[in-house]
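Observations on chain architecture
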Amino acid sequence: MKEKELTEMFEGKKETASAAAPKQLLRLHRRLFLLVFAVAVLLQSVVFVDMRLGNYYRELNDSFKVLLTVNGQPSNEELEQTGESLNQKTDISSVRLFSPEDALSVVRRQNPQLTEALLLMGKNKMPAYFELKLNYKAINNIRPFVDNLAAEYPGLEAHYNADHARLLFYTGLCSKLLNLAVIFAILLFLAFMFLVEAYPSNQVRSHYLGGAVSGVLAGLASCVFFAVLVYPTGFLSVAFAQFTTAGRQLLMLAFCGLFGWTLSKWQKF
């Protein structure tokens with residue numbers, strides 16, 4: 001009698017365990033989805049900040065210039081020699097020479113009223129000038145760089161915006177630091193995945209694919225979440241190009257799927 005009762009109790013426990021297994025597996029995928037979803041939202045935020053910071057840096061870099069106005073009225077040969085000398089410097093990425101007529105046409109496009117005022121004073125009031133584009137190293141040391149130019153070319157007078165140069169330098173520095181931090185974080189994630197995959201295990205599990213699918217769904221959910229956030233700002237297609245790219249989103253989904261696959265094997269959460 002006791003053996004029969006023990007057998008029934010043992011079989012009952014097996015049935016209870018087998019009945020509870022699917023429920024536990026579902027809870028595992030639910031928790032896995034939430035964890036990957038949280039990581040995906042953070043990554044989407046980093047991608048958004050990186051895109052906007054990179055665009056802001058490029059706009060600042062395109063608009064920053066050092067103007068060297070020419071004192072007096074040197075000949076065209078002298079201006080060409082000065083331009084070639086400036087172009088040979090490693091800290092200068094490009095040099096453009098503007099004659100007084102070219103300078104007036106530039107001012108006319110930007111401010112027609114100012115052009116009329118300059119014409120009333122005479123065309124000779126608008127000097128020729130060189131437009132310089134500097135590399136990142138020169139922008140970081142803009143004051144000593146301009147002082148050296150003034151000492152080397154006494155016939156030129158430098159004009160630039162020091163605050164613009166400072167903002168450009170720090171924006172580029174923040175963009176580079178953010179990229180390095182993201183690369184380091186991704187390497188840490190990959191190291192974690194490698195350690196989990198390399199850990200020996202004799203248990204046979206059939207939910208690896210389910211974990212990968214849950215991870216991909218979490219990545220898609222993060223895309224939908226950000227789409228809902230940016231939709232009120234305007235057309236979704238225009239806003240999409242402002243904070244991410246299709247290539248980055250595909251890499252994000254691949255990462256989420258791989259992360260979900262790894263977490264389904266780890267099962268320590």
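These figures come from a predicted structure and were not determined experimentally. (Residues numbered from 1 in each chain as written. Predicted model: local features only at pLDDT ≥ 70, side-chain atom pairs only at ≥ 80, totals over all residues. Heavy atoms only, no water.)

**Brief notes about the nonpolar core**
Ranked by size, the top nonpolar core spans 23 residues in total, and within it F64, L68, L86, F130, L132 and L134 carry the most contacts. Breaking this core down by element, the ones donating at least two residues are strand 1 (66-70), helix 2 (76-87), strand 3 (129-134), helix 5 (136-140), helix 6 (142-152) and helix 7 (162-198). In terms of residues, this core owes the most to one element, helix 6, which gives four residues. Filtering out sequence-adjacent residues up to four positions away, F130 remains in contact with V66, L67, L68, V70, L79, T82, G83, L86, V95, R96, L97 and L156. The next biggest cluster of nonpolar side chains, apart from the first, holds 13 residues, and it includes A40, M193, M252 and F255. (Core = buried A, V, L, I, M, F, W, Y, C linked by side-chain atoms within 4.5 Å. Buried < 20%, exposed > 50% of the residue type's maximum accessible area, 1.4 Å probe, protein only. Helix = DSSP H or I, 4+ residues; strand = E, 2+ residues; numbered from the N terminus. Contact = heavy atoms within 4.5 Å.)

**Looking at a nonpolar patch on the surface**
A contiguous nonpolar surface patch, about 940 Å² in accessible area, is contributed by I183, I186, L187, L190, L209, V213, V216, L217, L220, L258 and W261. Counting residues per element, the ones that place at least two in the nonpolar patch are helix 7, helix 8 (208-230) and helix 10 (246-266). Ranked by residue count, the leading element in the nonpolar patch is helix 8, at five residues. Within the element layout of this structure, L258 appears in helix 10. (Patch = residues over 30% accessible without salt bridge, like charges linked within 9 Å, V, L, I, M, F, W, Y side chains within 5 Å. Areas by Shrake-Rupley, 256 points an atom, 1.4 Å probe, with all protein chains shown as cover. Salt bridge = Lys/Arg side-chain N within 4 Å of Asp/Glu carboxyl O.)

**Side note on the environment of G155**
The topology assignment puts G155 in the loop between helix 6 and strand 4 (156-159). C-alpha of G155 to C-alpha of P74: the two residues are 81 residues apart in sequence and 9.3 Å apart in space.

**Brief notes about the sheet that holds strand 3**
Picture the strands of a sheet paired through backbone hydrogen bonds; they go either parallel or antiparallel. Strands sit in the order 2-3-1-4 across an open sheet of four strands; the sheet is antiparallel. Of all strands in the sheet, those with a lone pairing partner are strand 2 (92-98) and strand 4, marking the two edges. Pairs of neighbouring strands in the sheet enclose a mean axial angle of 25 degrees, with direction left out of account. As defined by bridge partners, strand 1 adjoins strand 3 across four bridges and the pair is classed as antiparallel. Looking across to strand 3, one finds that L68 is bridged to F130. Along the sheet, helix 6 contacts strand 1, strand 2, strand 3 and strand 4; its crossing angle with strand 3, the most-contacted strand, is approximately 145 degrees. (Pairing = 2+ DSSP bridges. Axes fitted to C-alpha atoms, helices over the stretch in contact; angles between N-to-C directions.)

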